[in-house]
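Okay, here's what each chain looks like letter by letter:
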Amino acid sequence: MSIVADLRIAPSLLAADFGRFADAARDCERAGAEFLHFDVMDGMFVPNISFGMGAIRALRPISQAHFDIHLMIVQPERYVEEFISAGANSVTVQAEACVHLQRTLAQIRKAGAKAGVALNPATPESVLEYVMDDVDLVLVMTVNPGFGGQAFLPATLPKVRRVREMIGRTRHPIDLEVDGGIGADTASQVVKAGANVLVAGTSLFGNPAGVDEGIRALRTAAGLSEG
């Protein structure tokens, strides 16, 4: 299966109206989003605070989507089991936040979820070298994490390509996700570089025609027409 054919859209609920959180999740799923992306921030690893496992637990009964949890927190191993118990299908941790990265990834898998590693823009992909057998998803941050609405950093594209090459040498499937400034103007670039999961927030929830149109435009720009 080609990367484009395997493309999945992951709306970032950080950009949704928190006053209608459940409706936003339903809207995304009805529009065909396969993933729902949750940016969990603690105000320490990043200079912002978002939401925790309570939000995941509240939305789980109303959604069949893959719950894609990105922990932008210090010592994420403290909360892995709680997020999975709340309904996470995959849990991604920041490589920079883990003293024992392989141990944390093994912990995620043992608790019953897919394990992901996120890399900040200035973090080299070489940190993945000794954990690729323990990874189900690699998230390349295409902005510095912490806030939505930032501009895409073109300097991250070569890293996306190099991570795709690393994935090609592994013995099991690994998703390559990108997050940060992803919209109709950048989708084709990251897909050509090797990404198959696109996290988008502002470009979807800020679309004047609604999330439906935002997702359609993203798929079209990425080279995958709707349906």
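(A) Main features of the nonpolar core. Ranked by internal contacts, the top residues of the largest apolar core, which has 67 residues, are Phe38, Ile69, Leu128 and Leu198. The element contributing the most residues to this core is helix α5 (residues 157-168), with five residues. Once you skip the residues sitting within four places of it in the chain, Ile69 turns out to touch Phe38, Val40, Ile56, Phe83, Ala88, Ser90, Val91 and Thr92. Judged by nonpolar contacts, the second largest core, of five residues, contains Leu137, Leu139, Met141 and Val143.

(B) Molecular detail of the pairing of strand β5 (residues 114-119). Among the six residues that make up β5, five are buried, leaving the element largely enclosed by the rest of the structure. Bridge analysis of strand β4 (residues 90-94) against β5 gives five bridges, and the strand direction is parallel. When the sheet's bridge partners are listed, Val91 is paired in β5 with Ala115. For the handedness criterion, the β-α-β arrangement of β4, helix α4 (residues 101-110) and β5 is classed as right-handed. For β5 and strand β6 (residues 137-141), the ladder comprises four bridges, and the chain directions are parallel. Residue pairing across strands places Ala118 opposite Leu139, the latter belonging to β6.

(C) Quick peek at the environment of Asn89. In this structure, Asn89 sits in the loop between α3 (80-86) and β4. With 54 residues separating them along the chain, Asn89 and Val143 place their C-alpha atoms 24 Å apart. With residues up to four places along the chain from it excluded, the contact list for Asn89 reads Arg60, Ala65, His66, Phe67, Ala113 and Lys114. At 2.9 Å, the side chain of Asn89 and the side chain of Arg60 are in polar contact.

(D) Representation of helix α8 (residues 211-222). Taking 1.5 Å of rise per residue, the 12 residues of α8 would be expected to cover 16 Å, and the 16 Å separating its terminal C-alpha atoms lies within 8% of that figure. Among all positions in α8, only Val211, Gly214, Ile215, Ala217, Leu218, Arg219 and Ala222 are buried. Buried-residue contacts for α8 involve β1 (8-11), α1 (21-30), α6 (187-193), β8 (197-200) and α7 (202-205). Where α8 terminates, the next one or two residues include Gly223, which has phi positive at roughly 100 degrees.

(E) Here's a closer look at the pairing of β6. Within β6, five of the five residues are buried, leaving the element largely enclosed by the surrounding structure. Note: β6 against strand β7 (residues 175-179), five bridges, orientation parallel. Bridged to Val138 within β7 is Leu176. The handedness of the β6 to β7 crossover, carried by α5, is right-handed.

(F) Inspection of the side chain of Glu177 at higher detail. By secondary structure assignment, the location of Glu177 is in strand β7. It is Arg8 that comes nearest to the buried, bridge-free Glu177 among opposite-charge side chains, at 8.6 Å. When near neighbours in sequence (up to four residues on either side) are disregarded, Glu177 contacts Ala10, Phe35, His37, Asp68, Leu137, Val138, Leu139, Val140, Val197 and Val199.

(G) Looking closely at the sheet that holds β6. The eight strands lie next to each other as β1-β8-β7-β6-β5-β4-β3-β2, forming an open sheet whose pairing is parallel. The open sheet has two edge strands with one neighbour each: β1 and β2 (35-41). On average, each strand axis in the sheet is inclined to that of its neighbour by 25 degrees, with strand direction left out of account.

(H) Quick look at the pattern of salt bridges. This structure, assessed with the given rule, holds 10 salt bridges. Note that Asp23 and Arg26 form a salt bridge whose closest N and O atoms lie 3.2 Å from each other. Of this pair, Asp23 and Arg26 are both found in helix α1, three residues apart, which corresponds to roughly one turn of the helix. With a relative accessible area of 33%, Arg26 lands in the partly exposed category. The closest approach of N and O atoms between Arg216 and Glu213, which form a salt bridge, is 2.6 Å. With a gap of three residues between them, Arg216 and Glu213 both fall in helix α8, about one helical turn apart. By relative accessible area, which is 31% here, Arg216 ends up partly exposed. Judged by relative accessible area, Glu213 falls into the partly exposed class, the value being 26%. Residues joined by salt bridges that share partners form a network here, namely Asp6, Arg8 and Asp175.

The rules we used
Residues numbered from 1 in each chain as written. Predicted model: local features only at pLDDT ≥ 70, side-chain atom pairs only at ≥ 80, totals over all residues. Heavy atoms only, no water. Core = buried A, V, L, I, M, F, W, Y, C linked by side-chain atoms within 4.5 Å. Buried < 20%, exposed > 50% of the residue type's maximum accessible area, 1.4 Å probe, protein only. Helix = DSSP H or I, 4+ residues; strand = E, 2+ residues; numbered from the N terminus. Contact = heavy atoms within 4.5 Å. Pairing = 2+ DSSP bridges. Right-handed = clockwise from strand over helix to strand, strands pointing away. Polar contact = N/O pair within 3.5 Å; in protein donor to acceptor, adjacent residues only side chain to side chain. Expected span 1.5 Å × (residues − 1). Lys, Arg positive; Asp, Glu negative; His and termini not counted. Salt bridge = Lys/Arg side-chain N within 4 Å of Asp/Glu carboxyl O. Axes fitted to C-alpha atoms, helices over the stretch in contact; angles between N-to-C directions.

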